[in-house]
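Fold and geometry: a report
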Amino acid sequence: AAMITELKGARRLDLHMRRPLLFTRSVQRSPDERIGVQLNYSDTGTTLLVTGVTPGGATQRSAPDLAAGDRILAINGTRGGVETLLGILKSELRVELEISRYCEPTASVL
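Here is a short report on the structure shown in this document.

**Some points on the overall build of the protein**
Within the protein one finds three helices and five strands. For the protein, the sequential pattern of α-helices and β-strands runs α-β-β-β-α-β-α-β. Based on the C-alpha atoms only, the size of the protein along its principal axes is roughly 60 × 40 × 25 Å. Considering only contacts in the protein between residues 6 or more positions apart, those separated by 24 or more positions represent 61%. By element, 53% of the accessible surface of the protein is carried by carbon and sulfur atoms, the whole surface being about 7900 Å². Of the side chains in the protein, 14 bear a positive and 12 a negative charge, and the two mean positions are spaced by 5 Å.

Encoded structure:
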């Protein structure tokens, strides 16, 4: 509500757009090991937000650059609801993660 009020009364609107960095990472875990990421998600969402990576866990070993703030868009080529994505993470020993990362814009001089 506060944003709408501000937008209605503002004389100027500065809009900054950023394109995400898209990349894939493979994670391999042993049968007695968890994937090693902490996630946040909405029950009606279609992506998983990485909020942390377990030190020494499967993800840190396999994809050490995966970080909090990264968003998992698909797993093993599958996109869908969070239940589908979580089910794949829990059942598969090797997963290919499609990741989206928003980076800070870089300054350029033209």
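**Some points on the nonpolar core**
Among the nonpolar cores identified, the biggest contains 19 residues, and L48, I75, V95 and L97 are the most heavily contacted of them. Put simply, the parts of the chain that give this core at least two residues each are β1 (21–28), β3 (48–53), β4 (71–75), α3 (82–91) and β5 (94–101). Counting residues per element, this core draws most heavily on α3, which supplies five residues. Setting aside residues up to four positions removed in sequence, V95 forms contacts with R25, S26, V27, I35, I75, N76, I88 and L89.

**Section: unusual backbone geometry**
Its identity is not glycine, yet N76 carries a phi of approximately 55 degrees, on the positive side. Within the fold, N76 resides in the loop between β4 and α3. For N76, a relative accessible area of 35% corresponds to the partly exposed category.

**Describing the pattern of salt bridges**
Taken as a whole, this structure holds four salt bridges when the rule is applied. The shortest N-O distance in the salt bridge between E33 and R61 comes to 2.9 Å. Separated by 28 residues along the polypeptide, E33 in the loop between β1 and β2 (37–40) and R61 in helix α2 (residues 58–62) bring together distant segments of the chain. Classification of R61 by relative accessible area gives partly exposed; the value is 48%. With a closest N to O distance of 2.6 Å, D70 and R101 form a salt bridge. With D70 in the loop between α2 and β4 and R101 in strand β5, this residue pair connects regions lying 31 residues apart in the sequence. R101 matches D70 in its accessibility class, with the two residues each being buried.

**So, the sheet that holds β4**
Taken in spatial order, the five strands line up as β1-β5-β4-β3-β2 in an open sheet, and their pairing is antiparallel. Edge positions in the sheet fall to β1 and β2, since each of these pairs with one other strand and no more. Taken pair by pair, the neighbouring strands of this sheet meet at an average axis angle of 40 degrees, ignoring direction. As judged from the four bridges shared by β4 and β5, these two strands associate in the antiparallel manner. The residue of β5 that forms the bridge with I72 is I99.

**With respect to the side chain of T47**
Looking at where T47 falls in the secondary structure, it is placed in the loop between β2 and β3. A polar side-chain atom of T47 sits 2.9 Å from a polar atom in the side chain of R71. If we ignore the near neighbours within four places in the chain, the residues touching T47 are Y41, R71, I72, L73, V82 and L85.

Conventions used here
Residues numbered from 1 in each chain as written. Predicted model: local features only at pLDDT ≥ 70, side-chain atom pairs only at ≥ 80, totals over all residues. Heavy atoms only, no water. Helix = DSSP H or I, 4+ residues; strand = E, 2+ residues; numbered from the N terminus. Contact = heavy atoms within 4.5 Å. Areas by Shrake-Rupley, 256 points an atom, 1.4 Å probe, with all protein chains shown as cover. Lys, Arg positive; Asp, Glu negative; His and termini not counted. Charge placed at Lys NZ, Arg CZ, Asp CG, Glu CD. Core = buried A, V, L, I, M, F, W, Y, C linked by side-chain atoms within 4.5 Å. Buried < 20%, exposed > 50% of the residue type's maximum accessible area, 1.4 Å probe, protein only. Salt bridge = Lys/Arg side-chain N within 4 Å of Asp/Glu carboxyl O. Pairing = 2+ DSSP bridges. Axes fitted to C-alpha atoms, helices over the stretch in contact; angles between N-to-C directions. Polar contact = N/O pair within 3.5 Å; in protein donor to acceptor, adjacent residues only side chain to side chain.

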